[in-house]
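Each chain, letter by letter, is given below.
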Amino acid sequence: MTLAPVRHEPAAGVRAAARIVATPGGRGGTALPVLDGAGPFALRRLRASGPGARVALVGAMSAPLGGDRLTLTAEVEDGAALSFSTTAATIALPGRTGEPATYDTRIRVGEGATLHWLPEPLISARGSDLRSTTRVELAPTARLVLREEQILGRAGEPPGRLTARLTVHRAGCPLFDQELAYGPGAPGWDGGAVLGGHRAVGQLLVVDPAFEGAPLTPRPLGATAALTPLAGPAAVVCAVAPDGLQLRKALESGDLMADGAMRAF
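Residues numbered from 1 in each chain as written. Predicted model: local features only at pLDDT ≥ 70, side-chain atom pairs only at ≥ 80, totals over all residues. Heavy atoms only, no water.

Peer 1: Residue-level account of the environment of Pro159, with values.
Peer 2: Checked against the element boundaries, Pro159 lands in the loop between strand 13 (143–152) and strand 14 (161–170). The class of Pro159 is buried, set by a relative accessible area of 7%. Each C-alpha atom, one on Pro159 and one on Ala92, is 9.9 Å from the other, the two residues being 67 residues apart in sequence. Look past the residues within four positions of Pro159 in its chain and what remains in contact with it is Ser124, Ala125, Arg126, Leu152, Gly153, Gly183, Pro184 and Trp189. (Helix = DSSP H or I, 4+ residues; strand = E, 2+ residues; numbered from the N terminus. Buried < 20%, exposed > 50% of the residue type's maximum accessible area, 1.4 Å probe, protein only. Contact = heavy atoms within 4.5 Å.)

In structure tokens, the structure reads:
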């Protein structure tokens with residue numbers, strides 16, 4: 001493992017980047033020729049039970065703080081399989097300057113490749129201001145399982161400001177593009193049309209070419225979650241809940257984790 005340099009600029013926050021590259025390895029497995037991280041990014045390879053590689057992000061310092069600029073890049077090359085997770089929730093905290101933080105995740109999945117992107121929740125703490133973007137580029141035969149969960153405020157506190165955008169393209173065409181904003185200054189975020197008083201929100205997105213021959217049926221999943229097929233071999237479960245535990249249960253109640261892209265692990 002090599003460590004990329006990190007610049008510390010007290011007036012403007014931390015600039016840090018991490019990069020993961022997964023490629024087909026010998027004997028049908030997956031190799032990780034690039035596993036670079038610095039600052040808050042400490043990447044660790046975990047033992048895998050199948051042909052796919054497993055990587056966990058271990059938080060090495062408090063981040064993102066106001067003013068931080070963080071970038072995480074993952075590339076899964078043709079025929080490779082990667083599972084990404086984090087060992088703990090990510091907590092957005094206020095910084096000293098009042099500037100917003102940015103957390104930019106860029107993902108590319110090649111032909112016949114599989115990616116499970118399953119981080120723990122992002123918690124928006126009081127006084128924080130975070131702009132989070134996740135951009136995914138999929139080849140036509142790529143498979144993806146991606147989970148995003150946001151917890152608005154720690155126990156007994158109001159949330160900070162959070163803007164989160166998730167964009168997924170498949171074969172160069174838009175498949176999913178959603179931007180949501182919560183907290184101070186975001187209009188209507190706590191109303192009945194958005195969260196309805198809940199403090200946990202998320203989505204579980206699955207893309208699998210197998211869905212082309214057997215598309216899923218839209219259906220409600222209890223009172224605060226729904227499964228929706230997309231215009232492609234994909235479906236998404238969106239849910240709100242009072243807390244993170246109930247949110248996770250709601251997202252997994254649609255059985256998408258079992259239905260799609262689980263064969264490599």
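Read on for the rest.
Peer 1: An account of helix 1 (residues 244–252) is requested, with residue identities and associated values reported.
Peer 2: Every buried residue of helix 1 is accounted for by Leu247, Ala250 and Leu251. With its buried residues spanning 95 degrees around the axis, helix 1 presents them on a single face. Facing away from the buried side of helix 1 by more than 90 degrees, the exposed set consists of Leu245 and Lys249. Of the surrounding secondary structure, the elements contacted by the buried residues of helix 1 are strand 13, strand 16 (200–207), strand 18 (225–229) and strand 19 (234–241). The N-capping residue of helix 1, defined by a side-chain oxygen 3.2 Å from the backbone nitrogen of Leu245, is Asp243. (Arc of directions from axis to C-beta. Polar contact = N/O pair within 3.5 Å; in protein donor to acceptor, adjacent residues only side chain to side chain.)

Peer 1: Can you lay out the pattern of salt bridges for me, pointing to particular residues and giving the numbers?
Peer 2: Using the criterion set out here, one finds 13 salt bridges in the structure. A salt bridge links Glu75 to Arg19, with the nearest nitrogen and oxygen atoms 3.0 Å apart. Of this pair, Glu75 sits in strand 6 (residues 69–76) while Arg19 sits in strand 2 (residues 13–24); the two residues are 56 residues apart in sequence, bridging distant segments of the chain. With a closest N to O distance of 3.6 Å, Glu212 and Arg170 form a salt bridge. (Salt bridge = Lys/Arg side-chain N within 4 Å of Asp/Glu carboxyl O.)

Peer 1: If you had to explain unusual backbone geometry to someone new, which residues and values would you point to?
Peer 2: Of note, the bond from Ala63 into Pro64 is cis; its omega dihedral lies within 30 degrees of zero at 5 degrees. Topologically, Pro64 is positioned in the loop between strand 5 (53–59) and strand 6.

Peer 1: Quick one: what's the story with the packing of aromatic side chains, residue by residue and with numbers?
Peer 2: Each aromatic ring pair is specified by the distance between its two centres and by the angle formed by the two planes. Tallied over the full model, the rule gives 2 aromatic pairs. Taken together, a centroid distance of 6.0 Å and an interplanar angle of 85 degrees make the contact between Phe41 and Tyr103 edge-to-face. Pair noted here: Phe41 is in strand 4 (residues 41–46) and Tyr103 is in strand 9 (residues 101–109), with a separation of 62 residues, a long-range link. Measuring from centroid to centroid gives 3.9 Å for Phe84 and Trp117, while their planes differ by 15 degrees, and the two rings are stacked. Separated by 33 residues along the polypeptide, Phe84 in strand 7 (residues 81–86) and Trp117 in strand 10 (residues 114–118) bring together distant segments of the chain. Phe84 gets classed as buried once you look at its relative accessible area, which sits at 2%. (Phe/Tyr/Trp six-rings, centres within 6.5 Å; stacked < 30°, edge-to-face > 60°.)

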